[in-house]
Amino acid sequence: MTMPLIKDILIGLRATLILWVIAAVIYPFFILFIGQVFVPNIANGSLIQTQGGEVVGSALIGQEFTEPGYFWSRPSVVNYSQGEEAQPTGVSGASNLAPSNPEWMTRITEEIAALTGAVVNPTGDLLYSSGSGLDPHITPEAALVQVQRVATARGLSSSQIEELIYNYIEGRFLGFFGEPGVNVLKLNLELDQISGV
């Protein structure tokens, strides 16, 4: 092995080591520091707690609600990774089923029947899952079509429920990205507060 070749190998190893230290050690710790100092709630998962301090979920990940006294979320093709059989890190993704797929049509037909049976007008986001399958928001329209069902189940007036929805509408990100939405978990937790559950 010639000296120039050995020198080139050492230069390559040194460059690899330096880049590894930057990319695998310095950069992750820098990002961790920035997150914990400037946006600790977001960096730690945007966790939502009850008044008693119990963590009940994240503002970033949807949950399934099926009881009549709660607002229902968008359907999820991954079932929000809930329950004892859930993946420890969660699962995300769409079904990739095309509208021409009979399985997709069956699921949509079942969703329409369930919503209609609960006297809820089916809106797009109550029928179709989001691209990630984990969307925590529904449109204000999807929340408003559920008012009567929730009010009846909770023994509250429709106007109380509507006011609650309007208080929980989140606007567009930075004023122009996306559409206004309602975080279903936050809305349901507030419902529990006013109902004394």
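About the cut-offs
Residues numbered from 1 in each chain as written. Predicted model: local features only at pLDDT ≥ 70, side-chain atom pairs only at ≥ 80, totals over all residues. Heavy atoms only, no water. Helix = DSSP H or I, 4+ residues; strand = E, 2+ residues; numbered from the N terminus. Buried < 20%, exposed > 50% of the residue type's maximum accessible area, 1.4 Å probe, protein only. Core = buried A, V, L, I, M, F, W, Y, C linked by side-chain atoms within 4.5 Å. Contact = heavy atoms within 4.5 Å. Lys, Arg positive; Asp, Glu negative; His and termini not counted. Salt bridge = Lys/Arg side-chain N within 4 Å of Asp/Glu carboxyl O. Polar contact = N/O pair within 3.5 Å; in protein donor to acceptor, adjacent residues only side chain to side chain.

Peer 1: Any details on the environment of Asn 96? Residues and values, ideally.
Peer 2: For Asn 96, the position within the fold is in the loop between strand S2 (55–58) and helix H3 (102–117). On the basis of relative accessible area, Asn 96 is assigned to the exposed category, the value being 73%. Separated by 35 residues in sequence, Asn 96 and Gly 131 place their C-alpha atoms 9.0 Å apart.

Peer 1: Give a description of the nonpolar core that names residues and reports values.
Peer 2: The nonpolar side chains of a soluble globular protein tend to be buried, and buried together. Phe 71, Ile 138, Ile 161, Ile 165 and Leu 191 are the most contacted members of the largest nonpolar core, which has 26 residues in total. Of all the secondary-structure elements, those providing two or more residues to this core are helix H4 (124–127), helix H5 (140–144), helix H6 (147–154), helix H7 (158–167) and helix H8 (184–195). In terms of residues, this core owes the most to one element, H8, which gives four residues. Ignoring any residue separated from it by four or fewer positions in sequence, one finds Ile 165 in contact with Phe 71, Ala 143, Leu 144, Val 147, Val 182 and Leu 187.

Peer 1: How would you explain the side chain of Asp 125 if you had to name every residue and give the values?
Peer 2: Here Asp 125 lies in helix H4. Of the side chains with opposite charge, Arg 74 lies nearest to the buried Asp 125, which makes no salt bridge, at 5.4 Å. Polar contacts involving the side chain of Asp 125 include one to the side chain of Thr 123, which spans 3.1 Å. A polar contact is formed between the side chain of Asp 125 and the backbone nitrogen of Thr 139, at a distance of 2.6 Å. Leaving out residues up to four positions away in the same chain, Asp 125 has contacts with Arg 74, Pro 75, Ile 138, Thr 139 and Ala 142.

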